[in-house]
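# Structural characterization, general
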Amino acid sequence: MTGIKRTTEKNLMVLSGRAHPALAEEVASGLGIHLVPTTAYEFANSEIYVRFEESVRGSDAFVVQSHTAPINEWVMEHLIMVDALKRASAKRITVVLPFYGYARQDKKHRGREPISARLMADLFKAAGADRLICVDLHTAQIQGFFDGPVDHLQALPILSDYVSENYGGEELAIVSPDAGRIKVAEQWSKRLDDAPLAFIHKTRDINQPNQSKANRVVGEVQGKTCILVDDMIDSGGTICQAVDALMEADAASVVIAATHPIFSGPATERLRDSSAREVIVTNTLPIPEEKQFDKLTCLSIAPLISQAIHEVFEDGSVTSLFDPAT
């Protein structure tokens, strides 16, 4: 006999950072398991320490962390968790990123600028990640930045089902906040009985972050309930300008639907005071109580992430979550 053969069972483990533990707990619950107990704290000089309180040797580990503010702190904690898993002999490490930090820095607009979204992918690969699971990346090209499998989940089915249930009886128009997201708007249109498309023509000053100007509406929106779709709401300036432009074009009403509620600075006040009828988001990022308002609806992304983790663990098809024919 030249070796020992042993049949081992696969072991799925879900671990969470401290950025958004409520989402991770919901994801684990959807899988019928508990999160791995973890000790995490900062030293006096703000260095982060992480230790898992159970053995992760030989496990299929899924480490969940959403990159909310303060983003650099949570990114570093995420990397440290991956490193700890690698050094503890986890068999496969999947980084689950409900919100991928630095995703907007995916290309160079001018010379001497970084491509920070690529740097993020390199950091996770260097730390020991084998796979990424992301939700609604700012641009699909980010999938190519990571040297390994990337599962790009879409919140579109969750958001569009809610819109169909609550506004399906009205005359709808799907509106993209800029020309660059027309393809996403087309996917929305297909799910909502081929509702007509429109987009907001806007200009942006590359020297000023979070600054843009909505110029005019391209498309027919008069008398229609406009579903204004985007991947994220940061300071709220762009989306609220788009709402104003649509109302000036005689839209009947405007419903905002976005995946990532970043809600920086004055975003909450802008959205609350805007003419939008409802603001629909998912819980990819935590929304503190002080940033919630009456017309905000937050849908859970956890069932989608749980299903994706299950498919990856069972070597199934993540694509089947969006296209049952595959």
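The next point concerns unusual backbone geometry. Omega for the bond connecting Ala-69 with Pro-70 falls within 30 degrees of zero, at -5°, which places this linkage in the cis form. Relative to the helices and strands, Pro-70 is located in the loop between strand E4 (60-64) and helix H2 (71-87). The residue Tyr-102 is not glycine, and still its phi comes out positive at about 65°. Position of Tyr-102 relative to the elements: it lies in the loop between strand E5 (92-97) and helix H3 (116-127). Unusually for a residue other than glycine, Asp-250 sits at a positive phi of about 70°. Of note, Asp-250 is situated in the loop between helix H6 (237-248) and strand E12 (253-261). For Asp-250, a relative accessible area of 47% translates into the label partly exposed.

Moving on, we get to the nonpolar core. Core analysis: the biggest nonpolar cluster contains 38 residues, and Phe-62, Leu-153, Ile-174, Trp-188, Ile-227, Ile-305 and Ile-309 have the highest contact counts within it. The leading source of residues in this core is helix H8 (residues 302-313), at seven residues. Aside from chain neighbours lying at most four places away, what touches Ile-174 is Ala-185, Trp-188, Ser-189, Leu-192, Ala-195, Pro-196, Leu-197, Ala-198, Ile-227 and Val-229. With 33 residues, the next largest nonpolar core counts Ile-48, Val-50, Val-56 and Ala-117 among its residues.

Position of Thr-259 relative to the elements: it lies in strand E12. Distance in space between the C-alpha atoms of Thr-259 and Ala-155 is 6.4 Å, their sequence separation being 104 residues. Setting aside residues up to four positions removed in sequence, Thr-259 forms contacts with Val-135, Asp-136, Ala-155, Leu-159, Asp-230, Asp-231, Val-281, Thr-282 and Thr-284. Within the structure, Thr-259 has its side chain in polar contact with the side chain of Asp-136 (distance 2.4 Å).

Time to look at the pairing of strand E8 (residues 172-176). The element E8 is largely enclosed, with a buried count of five among its five residues. Covered by surrounding structure in E8 are Leu-172, Ile-174 and Ser-176 together with Ala-173 and Val-175, the residues of both alternating faces. Alignment of E8 against strand E11 (residues 225-233), held across four bridges, turns out to be parallel. Directly across from Leu-172, in E11, lies its bridge partner Thr-225.

If you trace the five strands from one edge of the open sheet to the other, you get E1-E4-E5-E6-E7, paired in parallel fashion. The sheet is open, and its two edges are formed by strand E1 (12-16) and strand E7 (150-153), each paired on a single side. For this sheet, the mean inter-axis angle between neighbouring strands, taken without regard to orientation, is 20°. Relative to E7, strand E6 (residues 131-135) runs parallel, the two sharing four bridges. Looking at the pairing, Cys-134 lines up with His-152 of E7.

Inspection of the entire model under this criterion finds 17 salt bridges. Among the ionic pairs, Asp-151 bridges to Arg-131, the shortest N-O distance being 2.7 Å. Of this pair, Asp-151 sits in strand E7 while Arg-131 sits in strand E6; the two residues are 20 residues apart in sequence, bridging distant segments of the chain. As a salt-bridge pair, Arg-191 and Asp-161 come within 3.4 Å of each other at their nearest N and O atoms. Linking Arg-191 in helix H5 (residues 182-191) with Asp-161 in helix H4 (residues 156-167), this pair joins segments that are 30 residues apart in sequence. By relative accessible area, Arg-191 is classed as partly exposed at 37%. Classification of Asp-161 by relative accessible area gives partly exposed; the value is 45%. Members of the salt-bridge network, linked through shared partners, are Arg-18, Glu-42 and Glu-77.

What counts and what doesn't
- Residues numbered from 1 in each chain as written.
- Predicted model: local features only at pLDDT ≥ 70, side-chain atom pairs only at ≥ 80, totals over all residues.
- Heavy atoms only, no water.
- Helix = DSSP H or I, 4+ residues; strand = E, 2+ residues; numbered from the N terminus.
- Buried < 20%, exposed > 50% of the residue type's maximum accessible area, 1.4 Å probe, protein only.
- Core = buried A, V, L, I, M, F, W, Y, C linked by side-chain atoms within 4.5 Å.
- Contact = heavy atoms within 4.5 Å.
- Polar contact = N/O pair within 3.5 Å; in protein donor to acceptor, adjacent residues only side chain to side chain.
- Pairing = 2+ DSSP bridges.
- Axes fitted to C-alpha atoms, helices over the stretch in contact; angles between N-to-C directions.
- Salt bridge = Lys/Arg side-chain N within 4 Å of Asp/Glu carboxyl O.

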